[in-house]
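# Fold and geometry: a report
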Amino acid sequence: MMVIAPMPNELAVAHEGRIAWLEGHSSAKEMDEWTKSVLGSKNQDAAAMPRVHQLAILSNMTPMQYAQHHSMLPALRVASKAGTDHMHGDEASKAYSRRLGMLTQRRGAYCCEKCIEEDRKAQHFSWFRRTHHLIGVDWCSVHGCALVQVDDQLPFTRAPHIWLAQGKLSELDVIVPELPDTGFLRRYVDISTALLLRDRPFPADQINSQLAIRAASMGLRISQTGQRPLLSDRLREQAPLSWLNQHLPGWNTKVPTSFFLRIDRLASVKVVAGVGEAYSMALAALYDSSDEAMNAVNSSTEQTTELRFGRKGPKRGSEFWQGEVWSTYVDCKGVLNDMAQRLNLDKTYLSEMMCAVGLPSLADLLKAGKWRAFIRFSRGEGIVNACAAECIDISELEILLRKCSSRVLKAIGKISANSVAAKARLRAVEVKVKDYPVVSNTPLPTFAHAPAGAIPNSRSVSARAGRLTESMLQVA
């Protein structure tokens, strides 16, 4: 079999398309059958491995080599929850390779006409590059010219020079025709391409803490409430407005000093990973150069992060955090103040570690609408209906769901079953439930976009608990 190796920086999905074209496969089914046959001859089970791993074997490369140099995993997983920061393409991160390995960060297919020209002179053909498929990177990082987009439903079935010859390359709507030599856009492009070279994600607590420290040192607010400017306000000052509107969903709703979740949570929620392009935007806004930004996050270590938050008492191993802490969590009803006293640990450090294992504080369990919406959703109710019933924004529940492991609902059930006080408090809450229309479960960004009449009056459900909540807390 002829080995069709990937070219430098070639995008995995485009490499797959080039293999299919050169091997004469006219459909995805033919390509699948051929791949299974080739891997079978190598005593490899194609069905048991992600596509990006299959391409690695076809290219005589290791899955880690291929994933790190040809997938968009480094851009899609800039950060990850502590304990899941395995190397891209590693066997331990197979689930991420299967789900994200063949995706592009930016929808569509893009190329640089100058790269096409140079490729054809050197190799007599051209290929799609990873660096041309980063969100917000509208220019070639090498030549500085604006990228062009392939106007075809199956763009990776042909090489860029073929699309050029067929007249199927269209210009992008860019704010400037050439990438500036200095300023925010240059920093953003350089940081985005630098992150693409990393072999593993940052632990979220490490990079988020670094951003928080930098933001605080610049006088920026890192809490959700307050009057001082936030990281998103700094971004607003640095980046062109039209570029932000184009590449940052919902930016047109941003007002000064208002908390913009996609950006501001990076410096306020220490253990939750954000999306890749948000990290690039934050770093470009906070630092004067891309080198300074990358040096800052690369030099931040797990040890300095732990010292930053402080830790009182003996160090606990992974066995404790993955197992033994569960009984204390249930006994203390998820109240971290009580847990910190019992375990002789600093509360901030404990909070970080509990979030890392997916067991957040339950101190406001009987009061907060987000927890009642969480219970509704966990027991099968649609996310829109659950949030509407408890008068909370969908984003509140989404943030909570990202923090919680599957054990949280079980803990709530045990706390409810074992605590007389909890039951008494639940019964004491007055139930005021009105009927409200059932709305579609299609995800909605905010309740402002929900159908008229779909949102119940907040006064009628502000104290909803009692028998309703008690029955929902009974987990089988």
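Quick look at the structure, then. (Residues numbered from 1 in each chain as written. Predicted model: local features only at pLDDT ≥ 70, side-chain atom pairs only at ≥ 80, totals over all residues. Heavy atoms only, no water.)

With that settled, the discussion passes to empty space enclosed by the protein. Summed over the entire model, instances satisfying the criterion amount to three cavities of 30 Å³ or more. Empty space within the largest cavity amounts to approximately 70 Å³. Every residue lining the largest cavity is counted, 13 residues in all, and those nearest its centre are Ala-14, Arg-18, Phe-156, Arg-158 and Ala-159. Looking at which element gives the most residues to the lining of the largest cavity, the answer is helix α1 (residues 12-23), with four residues. Here the second largest cavity is characterised by a volume of approximately 50 Å³. Residue lining of the second largest cavity: Ala-75, Val-78, Gln-105, Leu-134, Tyr-188, Ser-192, Leu-195, Gly-276, Glu-277 and Ser-280, and that is the complete set. Looking at the lining of the second largest cavity, the elements with two or more residues in it are α9 (184-195) and α14 (276-286). (1 Å grid on protein atoms, 1.4 Å probe; cavity = no way out; pocket = protein on both sides within 12 Å on 5 of 7 lines; lining within 4 Å. Points joined across faces, edges and corners; volume = space filled by probe spheres on them. Helix = DSSP H or I, 4+ residues; strand = E, 2+ residues; numbered from the N terminus.)

Relative to the 20 Å expected for 14 residues at 1.5 Å per residue, helix α2 (residues 28-41) spans 20 Å between its end C-alpha atoms, a close match to the ideal helical length. Listing the buried residues of α2 in full gives Met-31, Trp-34, Thr-35, Val-38 and Leu-39. An end-on view of α2 places all buried positions within 125° of arc, on one side of the element. Residues of α2 that are exposed and angled more than 90 degrees away from the buried face: Lys-29, Lys-36 and Ser-41. (Expected span 1.5 Å × (residues − 1). Buried < 20%, exposed > 50% of the residue type's maximum accessible area, 1.4 Å probe, protein only. Arc of directions from axis to C-beta.)

Okay, the side chain of Thr-84 next. As for its placement among the helices and strands, Thr-84 is situated in the loop between β1 (79-80) and α6 (94-100). Among the polar contacts listed, one links the side chain of Thr-84 to the backbone oxygen of Lys-81, at a separation of 2.7 Å. Among residues more than four places away in sequence, those in contact with Thr-84 are Arg-77 and Tyr-96. (Polar contact = N/O pair within 3.5 Å; in protein donor to acceptor, adjacent residues only side chain to side chain. Contact = heavy atoms within 4.5 Å.)

It is worth spelling out the packing of aromatic side chains at this point. Scanning the entire structure with this criterion turns up eight aromatic pairs. Judged by centre distance (6.3 Å) and plane angle (20°), the ring pair of Phe-184 and Tyr-188 falls under stacked. One end of the pair is Phe-184 and the other is Tyr-188, both in helix α9 and four residues apart, which spans about a single turn. Of the two residues, Phe-184 and Tyr-188, both sit in the buried class. Three or more aromatic residues link up through ring pairs in this structure, and these residues are Phe-184, Tyr-188 and Trp-243. The ring of Tyr-110 is capped by Arg-106, whose NZ or CZ atom sits 4.6 Å from the centre of that ring. (Phe/Tyr/Trp six-rings, centres within 6.5 Å; stacked < 30°, edge-to-face > 60°. Lys NZ or Arg CZ within 6 Å of the ring centre and 35° of its normal.)

Before going further, it helps to examine the packing of α9 against helix α15 (residues 290-299). Running from amino to carboxyl end, α9 crosses α15 at an angle of 40°, the nearest separation of the two axes being 9 Å. As summarised for this structure, α9 and α15 are arranged oblique, according to the angle between their axes. Considering the relative orientation of α9 and α15, their crossing is right-handed. Across the interface between the two elements, Arg-187, Asp-190, Ile-191, Ala-194 and Leu-195 from α9 touch Ser-290, Ala-293 and Met-294 from α15. The residue inventory of the contact of α9 with α15, partitioned by class, reads five nonpolar, one polar and two charged. (Axes fitted to C-alpha atoms, helices over the stretch in contact; angles between N-to-C directions. Parallel < 35°, antiparallel > 145°, perpendicular 65-115°, else oblique. Left-handed = near helix turned anticlockwise from the far one by under 90°. Nonpolar A, V, L, I, M, F, W, Y, C, P; charged D, E, K, R; others polar.)

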